[in-house]
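Letter by letter, the chains look like this.
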Amino acid sequence: MSVLVVAAHDGKTVRANVANAVAAATQIGGDVHVLVAGSGAGDAAKEAAAIAGVAKVLQAEDAAYANWMAEDVAALVVKLAPGYGHIVMAADNVGKNLMPRVAALLDVAQVSEAIQIVSPDTFVRPIYAGNAMATVQSTDKIKVVTVRPTNFKAAAGGGSAAIEQIGGAGSAGLSNYVGAEISKSERPELTSAKIVVSGGRGLASGENFKMLETLADKLGAGLGASRAAVDAGYVPNDYQVGQTGKVVAPDLYIAIGISGAIQHLAGMKDSKTIVAINKDEEAPIFQVADYGIVGDLFQIVPELTAAIEKK
Amino acid sequence: MKVLVAVKRVIDYNVKIRVKADKTGVETANVKMSMNPFDEIAVEEAIRMKEKGKATEVIAFSAGPAQCQETIRTALAMGADRGVHVLSDAELQPLAVAKLMKAVVDKEQPGLVIVGKQAIDDDSNQTGQMLAALLGWSQGTFANKLEIGEGVAVKREVDGGLENVMLKLPAVITTDLRLNEPRYASLPNIMKAKKKPIEQLTSEALGVDVAPRLKTLKVEEPPTRKAGIKVKTVAELVEKLKNEAGVI
């Protein structure tokens, strides 16, 4: 049986995590097809076709898909589903919104945020904010799976799959896209950044995050935050790293003024190297950090920023 | 307009969970249980709608063992009007819960259903979307703000920031953390809640097949990360990052 990977995209480019989802699909086995549904999504379809391991790209053009309303895209995926044994998507906000709707319409379960493919019907997934790992086996004919992108090494480029145009399924007329308030940033996107600088309640104000911005810019890093910092209003919600925010696994994660609540650790403990800067030497963050400095972040961060400048 | 909210009984978010030695699951005996935090936000939002005159009645739904009645009581103490409990000692997975909720929705005909975006035990993040699918309704997931008018305007938390959508009613909403701050139930309201009615149903009576579709083969501890070292100075840290870890 073939595997259908559903690609989130902005029309021009597919999200970086599509290559991770393709990697997961390749592990499942069988031909990998990628669905690019959109309105004027030709460039995104071409990009999907270049991901190694993709046998075919299905491009569905329909005005209804312009903004990825789950109600409309789910109907299309369900129409395609009978030809596939698995439907796979990255567990980002688009995948989390869409895939359970697809699963319910197919009357099958969804495996959420798989981190390992054990066999075509068996998956490992974190539960309890990553404090336990469950191995689950699906008994359904079609397996609907979202995968945590950071756990699958992105498939390479250089492929040249055929792009097949398929028709859209139209709009159900249930929902309308109004607009977005997307944070503009020159910094790398959190989930794909090689280095992430993250701040917590220890920063004490939104104003103080500027200090982290300077450090992040020196390092070419993405900027994140703990839930406490987001709840306190220091930074917008899309900065949040953690079980209910974003899951990141960069080469270097620098946690500044973050105590290390379980919820936060679940979102970053797969990082290659973790640095913690905190004044409380008992802070749980030090239990996962490779390198820790106990001290006043308002002194250490400028010092660190200056030291990196000198390199 | 009636509003239906779903409340799940889960291990309290402050409890450090323990995996059972036989790897069959997580220890729940003698562990403090509470309402799923995202569901508290759902209950709060529904009660605020009623206080603003946008909702006429708030019904709290839960499915699971007899103790789920306590979770429903908590919702009633917060301000919900009555409860519906589907009694089941079987493992209920998201698709089964969505089907049970659909049966209750068919009966109660609410104009809006609000559920937490995910439960902090199985972290599935599925039930709301599945219910919307089964009902053929619109879905407003990860809601940060709701406004009820002709339809419902939902501000959603998405990867790059926020997104605004307009949904036709009836609709299913799933709550994100910043939708509101749930109230604590006052003692007089806790007393009053004891008199509010809870209807008890069963999956058999509702004609819903709740058999699990996913078999849990084992549950294990996650691999632990070893604590590293503490460095004294920034210079030492930079040296280690450069030469030992090789990440800068």
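No experiment lies behind these values; they were computed from the predicted model shown. (Residues numbered from 1 in each chain as written. Chains lettered and ligands numbered in written order. Predicted model: local features only at pLDDT ≥ 70, side-chain atom pairs only at ≥ 80, totals over all residues.)

Novice: Would you mind showing me how to read the overall build of chain B here?
Specialist: The helix and strand inventory of chain B stands at seven helices and 13 strands. Scored against the burial criterion, the 248 residues of chain B give a buried share of 50%. (Helix = DSSP H or I, 4+ residues; strand = E, 2+ residues; numbered from the N terminus. Buried ≥ 20, exposed ≤ 12 C-beta atoms within 10 Å, placed from the backbone.)

Novice: Looking at this structure, I do not really get the sheet that holds strand 5 (residues 110–114) of chain A. What am I missing?
Specialist: Residues and elements named next belong to chain A. Reading across from one edge, 5-9-4-1-2-3-10 is the order of the seven strands in this open sheet, with parallel pairing throughout. Since the sheet does not close on itself, it has two edges, and those belong to strand 5 and strand 10 (162–167), each with one partner. Each adjacent strand pair in this sheet contributes to an overall mean axis angle of 25°, direction not counted. Pairing of strand 5 with strand 9 (residues 143–147) involves three bridges; the strand directions are parallel. Counted as the bridge partner of Q110 is V144 from strand 9. Those strands touched by helix 2 (residues 42–49) are strand 2 (32–38), strand 3 (56–61) and strand 10, and its axis lies near 165° from that of strand 2. (Pairing = 2+ DSSP bridges. Axes fitted to C-alpha atoms, helices over the stretch in contact; angles between N-to-C directions. Contact = placed C-beta atoms within 7 Å.)

Novice: How should the domain arrangement of chain A be read in this particular structure?
Specialist: When the parts come together, some accessible area is lost, and that loss is often what is quoted as the size of the interface. Residues and elements named next belong to chain A. With domains assigned, chain A is organised as domain 1 (2–167) and domain 2 (190–309). For domain 1 and domain 2, the distance between their C-alpha centres works out to 31 Å. The partner domain 2 presents 10 residues to the eight residues of domain 1 that form the contact. The class makeup of the residues in the side of domain 1 that touches domain 2 is three nonpolar, four polar and one charged. (Domains from an automatic or database assignment. Nonpolar A, V, L, I, M, F, W, Y, C, P; charged D, E, K, R; others polar.)

Novice: Can you walk me through the pairing of strand 10 (residues 171–175) of chain B in this structure?
Specialist: Within a regular strand, side chains alternate between the sheet's two faces. Residues and elements named next belong to chain B. Across the five residues that make up strand 10, a large majority, five, are buried. Side-chain alternation along strand 10 places A171, I173 and T175 on one buried face and V172 and T174 on a second face that is also buried. Examined bridge by bridge, strand 6 (residues 112–116) and strand 10 share five bridges and lie parallel to one another. Along strand 10, the bridge assignment pairs L112 with A171. Bridge count between strand 7 (residues 138–148) and strand 10: four bridges; the pairing is parallel. Pairing of A143 across the sheet is with T175, part of strand 10.

Novice: Got a minute to help me understand the environment of T273(A) in this structure?
Specialist: Among the structural elements, T273(A) can be located in strand 15 (residues 273–278). C-alpha of T273(A) to C-alpha of M89(A): the two residues are 184 residues apart in sequence and 27 Å apart in space. Setting aside residues no more than four positions away along its own chain, T273(A) makes contact with D251(A), L252(A), D290(A), A245(B) and V247(B).

Novice: Help me out: how do you make sense of the packing of helix 3 (residues 94–108) of chain B against helix 4 (residues 127–135) of chain B in this one?
Specialist: Each pair of packed helices can be described by the angle between their axes along with the distance between the axes. Residues and elements named next belong to chain B. Close contact between helix 3 and helix 4 brings their axes to 8 Å; oriented N to C, the two are set at 50°. Viewed along their axes, helix 3 and helix 4 adopt a mutual orientation that is oblique. Here the hand of the crossing between helix 3 and helix 4 comes out right-handed. Listed contacts from helix 4 to P94, L95, V97, A98, K99, M101, K102 and V105 of helix 3 are T127, M130, L131, L134 and L135. (Parallel < 35°, antiparallel > 145°, perpendicular 65-115°, else oblique. Left-handed = near helix turned anticlockwise from the far one by under 90°.)

Novice: Whenever I open this one, the sheet that holds strand 15 of chain A confuses me. Can you help?
Specialist: Ordered by their spatial adjacency, six strands build an open sheet running 13(A)-12(A)-14(A)-15(A)-16(A)-13(B), and the pairing between neighbours is parallel. Looking at strand neighbours, the two that pair on one side only are strand 13 (222–225) of chain A together with strand 13 (229–230) of chain B, the edges of this open sheet. Of the strand pairs in this sheet, strand 12 (residues 195–199) of chain A and strand 13 of chain A are connected by four bridges, and their pairing is parallel. Paired with G199(A) across the bridge in strand 13 of chain A is A225(A). Each of strand 12, strand 13 and strand 14 (252–256) of chain A touches helix 5 (residues 209–219) of chain A; the most contacted strand, strand 12 of chain A, lies at about 175° to it.

Novice: So what exactly am I meant to see when it comes to helix 5 of chain A here?
Specialist: An α-helical segment advances 3.6 residues per turn. Residues three or four places apart therefore align on the same side. Residue and element names in this part refer to chain A. Taken together, the buried positions of helix 5 are F209, L212, L215, A216 and L219. On an axial view of helix 5, the arc spanned by its buried residues comes to 110°, and they lie on one face. Once helix 5 ends, the next one or two residues include G220, with phi positive near 65°. (Arc of directions from axis to C-beta.)

Novice: What should I look at first to understand helix 1 (residues 17–28) of chain A in this one?
Specialist: Residue and element names in this part refer to chain A. If you check helix 1, its first and last C-alpha atoms are 17 Å apart, about what 12 residues at 1.5 Å a residue would give, namely 16 Å. Within helix 1, 10 of the 12 residues are buried, leaving the element largely enclosed by the surrounding structure. Listed as buried for helix 1 are N17, V18, A19, N20, A21, V22, A23, A24, A25 and I28. Contacts made by the buried residues of helix 1 are with strand 1 (2–6), strand 2, helix 2, strand 4 (84–90), strand 6 (116–119) and strand 9. Positive backbone phi, approximately 105°, marks G29, located one or two places after helix 1. (Expected span 1.5 Å × (residues − 1).)

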